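# Secondary and tertiary structure notes
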Amino acid sequence: MRNERLAAALVEKGLRQQDLAEAARVDPKTVERWVSLGRIPHRKTAARAAEALGADPFALWPGLGQPRSGRAVSAELLALWECRADVPVSMYAELFAQARERIDILVYAGLFLHESFPRLNELLAERAENGCTVRMLLGQADHPRVRDRGAEERFGHGIESRCRLALLHSRPLLAVPNISVRTHGTVLYNSLYRGDDHLLVNSHLWGVNAYAAPVWHLRRHAPGGLFDAYAGSFAEVWRAAAPVSEEQS
């Protein structure tokens, strides 16, 4: 089936299929198949093509967002996904819903959670009301390191507004006992999503949006392992972060 979105993007940008092929580093016949037959490229190739068109790869090829199964690896490293976009949003919902003692979230914005799971605040509040400690670390919008990350990802000031929006989304949680929100300005090497002894780690790559970077699923298996290393990293950022009050948000 013809990919009308891609065809329209080419016209809007004033590019030929040959131009897009050069930008994406593929054969022109491959681009022709993308358009005429609706073929879906590999994610890295799609990212290069979308960048040339100034578009979102998942808007051009909705099939890119179809979840895939993670690969089982070891007792502690349970699964690995090549891209965060491959991780079903239900993974995050189940991670938090099954937590009984602790939920930790370390991001700059993490808006995909609210956008994909509108009941996120309700779920976190429910877990907190049942005795679960919830800690959220969001990017400090005006911090130089946050702005640097936006420049690396070619977002410009977009990431700053996304951090502010994330804080706005989280505002209703500030009044809930057992929920704390802080802002940080660290170099974010990984986004972390923890529910008790399970942890999703979204690695960050220079110049690559987080949705296109790998994710691994860890389960705490023994003291001092990989899980504890990431948990310790969260703890260090938490100690250095600034608490957010209802008045500040």
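The structure reproduced in this document is the subject of the present report. Computed from a predicted structure; not experimentally measured. (Residues numbered from 1 in each chain as written. Predicted model: local features only at pLDDT ≥ 70, side-chain atom pairs only at ≥ 80, totals over all residues. Heavy atoms only, no water.)

Glancing now at the pattern of salt bridges. Using the criterion set out here, one finds 9 salt bridges in the structure. Residue R43 pairs with D86 through a salt bridge whose shortest N-O separation is 2.6 Å. With R43 in helix α4 (residues 43–53) and D86 in the loop between β1 (77–81) and α6 (89–97), this pair connects stretches of sequence that are 43 residues apart. You'll find R43 and D86 in the same group, each marked buried. For R119, the salt bridge is made with E122, and the minimal N-O distance between the two is 3.3 Å. Salt bridges here are not isolated pairs; linked through shared partners, they connect D104, R135 and R194. (Salt bridge = Lys/Arg side-chain N within 4 Å of Asp/Glu carboxyl O. Helix = DSSP H or I, 4+ residues; strand = E, 2+ residues; numbered from the N terminus. Buried < 20%, exposed > 50% of the residue type's maximum accessible area, 1.4 Å probe, protein only.)

Looking at α4, one finds that the buried residues are R43, T45, A46, A49, A50 and L53. One face of α4 carries all of its buried residues, which in axial projection span an arc of 155°. Among the structural elements, α1 (4–13), α2 (17–24), α3 (28–36) and α5 (57–60) are those in contact with the buried residues of α4. Phi for G54, located one or two positions after α4, is positive at around 65°. (Arc of directions from axis to C-beta. Contact = heavy atoms within 4.5 Å.)

Turning our eyes to something else, we now look at the packing of α2 against α4. Across the interface, α2 lies against α4 with an axial gap of 8 Å and an inter-helix angle of 125°. Between α2 and α4, the angle is such that the two are oblique. The handedness of the crossing between α2 and α4 is right-handed. The segment α2 lies against α4, with L20, A23 and A24 engaging T45, R48, A49, A52 and L53. Here the residues of the contact of α2 with α4 are counted per class, giving 6 nonpolar, 1 polar and 1 charged. (Axes fitted to C-alpha atoms, helices over the stretch in contact; angles between N-to-C directions. Parallel < 35°, antiparallel > 145°, perpendicular 65-115°, else oblique. Left-handed = near helix turned anticlockwise from the far one by under 90°. Nonpolar A, V, L, I, M, F, W, Y, C, P; charged D, E, K, R; others polar.)

This part takes up the pairing of strand β5 (residues 190–195). It is a general feature of regular strands that their side chains alternate between the two faces of the sheet. Among the 6 residues in β5, 6 count as buried, and that is most of the element. Every second residue of β5 is oriented toward a common face, with N190, L192 and R194 on one face and S191, Y193 and G195 on the other, all of them buried. Here strand β2 (residues 102–106) runs beside β5; their pairing, made up of 4 bridges, is antiparallel. Across the sheet, L106 pairs through a bridge with L192, a residue of β5. Bridging between β5 and strand β6 (residues 198–203) involves 6 bridges; their strand directions are antiparallel. When the bridges of β6 are listed, G195 appears paired with H198. (Pairing = 2+ DSSP bridges.)

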